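# Descriptive structure summary
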Amino acid sequence: MLVAQITDLHILANRAPAYGVCDTSQALEALEDYLFKLAPPLDALVMTGDLADLGEPEAYAFIARLFARWSIPVLALPGNHDARGPFLRLLGPFCPTPRPDNLSFAFRLGPLNLIMLDDVLEGQHGGHLSPEAGDFLQNELAAEPAAQTILFTHHPPFASGLGVLDEPFGGLTTLLTLLSQYPGRLSLASGHLHRGLVAELPPSAQLPWPRPIRALVAPPVGMPIELEIGPYGGRKFFLGAPGFALHLLDGDRRVSHFGAVPGAWPFSGPHPFD
């Protein structure tokens, strides 16, 4: 199975440039076309949040039109920049959930279980496991305990070293306790950080596991963050090629690649997010 993950699209209405400098609409068009023509072809494509920069209906309509030609499953989660109402109204086919207040859902793809966990707390920048999302996750993991599973979230539930982005994750202990029951067959894939990176969960003496869970963050479609480790990291971004992650499942072999769309993409920065 081959699953592409794209994240942090930050599309604006009328093709407006994000933060005044990044043509995110062009970046997404190029990435969509590149992945559509990928060989071997994808089995599914997942979008892990911040699809629209301001939650505008026009932005979601643009994304829906762009992916209308795809015959494989296209799945989407909201991020902290998204607005659940227009997101669900215009991207409903990509988010088949019965819960308008929490857009979590699961999708079975052959031997692979894809769990899409809505960890957005309205009005907050950081992540949060609500009681509803926690119950959903517990039920899904218990229903498919032997399945190879990728859990997709927008916010990574771990500290990256990029200071201003390492906000508290509400309900973290509950989330890690649930995941600790399935360390051998579960991977975690997130967005939000605008950088490709990997981690092991949890580095904690309070939750001893037989082995760590593999966790990663996919690179963004636009605006990769400056690599500035420390308390002020995460405030600036560059312009560059649109990025993505590619998850390969072959039996018990799980491999994730970070890629970028080839081409002569403009490069500049760092630019401030604020």
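Residues numbered from 1 in each chain as written. Predicted model: local features only at pLDDT ≥ 70, side-chain atom pairs only at ≥ 80, totals over all residues. Heavy atoms only, no water.

### Description of the nonpolar core
Here is the rule we go by: The term nonpolar core refers to a set of buried residues drawn from Ala, Val, Leu, Ile, Met, Phe, Trp, Tyr and Cys, joined through side-chain atoms within 4.5 Å. When accessible area is computed with a 1.4 Å probe and restricted to protein chains, residues below 20% of their type maximum are described as buried, those above 50% as exposed, and intermediate ones as partly exposed. Secondary structure elements are defined from DSSP: runs of H or I of at least 4 residues count as helices, runs of E of at least 2 residues count as strands, and each element is numbered from the N terminus. In what follows, a contact means two residues having at least one pair of non-hydrogen atoms within 4.5 Å.
Ranked by internal contacts, the top residues of the largest apolar core, which has 48 residues, are Ile-6, Leu-28, Leu-35, Leu-45, Met-47, Ile-63 and Phe-67. Broken down by element, the residue count for this core peaks at five residues, all from helix H2 (residues 57-66). Leave out the neighbours within four places in its chain, and Leu-28 touches Ile-6, Leu-9, Ile-11, Phe-62, Ile-63, Leu-66, Phe-67 and Val-221. In this structure, Ile-115, Leu-197, Ile-225 and Phe-237 belong to the second largest nonpolar core, which totals 33 residues.

### Here we look at the environment of Ala-106
Mapped onto the secondary structure, Ala-106 falls in strand E4 (residues 105-109). Classification of Ala-106 as partly exposed rests on a relative accessible area of 29%. Remark: the alpha-carbon pair of Ala-106 and Lys-236, spanning 130 residues in sequence, is separated by 34 Å. Setting aside chain neighbours within four positions, we find Ala-106 in contact with Asn-113, Leu-114, Ile-115, Phe-136 and Glu-140.

### Some words on unusual backbone geometry
Negative phi is the rule for most residues except glycine; trans is the rule for most peptide bonds. Cis geometry marks the peptide bond from Ala-39 to Pro-40, where omega comes out at -5 degrees. Note on placement: Pro-40 falls in the loop between helix H1 (24-36) and strand E2 (44-48). In this structure, the amide linkage connecting Gly-269 to the following residue, Pro-270, adopts the cis form with an omega of 5 degrees. Inspection of the secondary structure assignment puts Pro-270 in strand E13 (residues 268-272). Even without glycine at this site, Asp-8 takes up a positive phi of about 55 degrees. Its location among the elements puts Asp-8 in the loop between strand E1 (2-6) and H1. Owing to a relative accessible area of 0%, Asp-8 belongs among the buried residues under this scheme. Non-glycine residue Tyr-19 carries a positive phi angle of around 55 degrees.

### Some details on the sheet that holds strand E11 (residues 243-250)
This is how it is decided: Whether two strands pair comes down to DSSP finding at least two bridges between them. Angles here are taken between N-to-C directions and fall from 0 to 180 degrees, while the axes themselves are lines fitted to C-alpha atoms, restricted in helices to the stretch in contact.
The strand order across the open sheet formed by five strands is E3-E2-E1-E11-E12, and the pairing between neighbours is mixed. For this open sheet the edge positions go to strand E3 (74-77) and strand E12 (253-260), each flanked by a neighbour on one side alone. When the angles between neighbouring strand axes are averaged without regard to direction, this sheet yields 20 degrees. Examined bridge by bridge, E11 and E12 share eight bridges and lie antiparallel to one another. Looking across to E12, one finds that Ala-245 is bridged to Phe-258.

### Side note on the packing of helix H4 (residues 131-143) against helix H5 (residues 172-179)
Our working definition: Our angle categories are set so that under 35 degrees counts as roughly parallel, over 145 as roughly antiparallel, 65 to 115 as roughly perpendicular, and the remainder as oblique.
As a packed pair, H4 and H5 sit with axes 10 Å apart at the nearest point and diverge in direction by 5 degrees. Relative to H5, H4 is oriented roughly parallel. In this structure, H4 contributes Gly-134, Leu-137, Gln-138 and Leu-141 to the contact, and H5 contributes Leu-175, Leu-178 and Leu-179.

### Considering the packing of H2 against helix H3 (residues 84-91)
To be explicit about the condition: Throughout, a crossing is termed right-handed when the near helix is turned clockwise from the far one, and left-handed when it is turned anticlockwise from it by less than a right angle. Amino acid classes used here: Ala, Val, Leu, Ile, Met, Phe, Trp, Tyr, Cys and Pro are nonpolar; Asp, Glu, Lys and Arg are charged; the rest, including Gly, are polar.
As a packed pair, H2 and H3 sit with axes 9 Å apart at the nearest point and diverge in direction by 30 degrees. The orientation of H2 with respect to H3, classified from their angle, is roughly parallel. Pair H2 / H3 crosses with right-handed handedness. Facing H2, whose interface residues are Pro-57, Tyr-60, Ala-61, Ile-63 and Ala-64, H3 presents Pro-86, Phe-87, Arg-89, Leu-90 and Leu-91. Grouping the amino acids of the contact of H2 with H3 by side-chain chemistry returns nine nonpolar, no polar and one charged.

### A word on empty space enclosed by the protein
We apply this condition: Put simply, the grid is 1 Å and covers the protein atoms alone, a cavity is a trapped set of points that fit a 1.4 Å probe, a pocket is an open set with protein on both sides within 12 Å along at least five of seven lines, and lining residues have an atom within 4 Å of a point. Grid points are joined across faces, edges and corners, and a volume is the space filled by probe spheres set on the points.
The tally for this structure, following the rule as stated, stands at three cavities of 30 Å³ or more. Within this model, the largest cavity holds a volume of roughly 90 Å³. When contributions to the lining of the largest cavity are tallied by element, the ones reaching two or more residues are strand E6 (148-152), E11 and E12. Per-class residue counts for the lining of the largest cavity are seven nonpolar, five polar and three charged. Volume-wise, the second largest cavity comes out at about 40 Å³. As for the second largest cavity, its lining consists of Leu-141, Glu-144, Pro-145, Ala-147, Thr-149, Tyr-182, Arg-185 and Leu-186. Across the lining of the second largest cavity, the residue classes break down as five nonpolar, one polar and two charged.

### As for H5
To be explicit about the condition: As used here, the arc belongs to the directions running from the helix axis to the C-beta atoms.
Listed as buried for H5 are Leu-175, Leu-176, Leu-178 and Leu-179. Viewed along the axis of H5, the buried residues span an arc of 160 degrees, placing them on a single side of the element. Each element contacted by the buried residues of H5 is listed here: H4, E6, strand E7 (186-190), strand E8 (197-201) and strand E9 (213-217).

Scope: geometric values only; no functional claims are made or implied.
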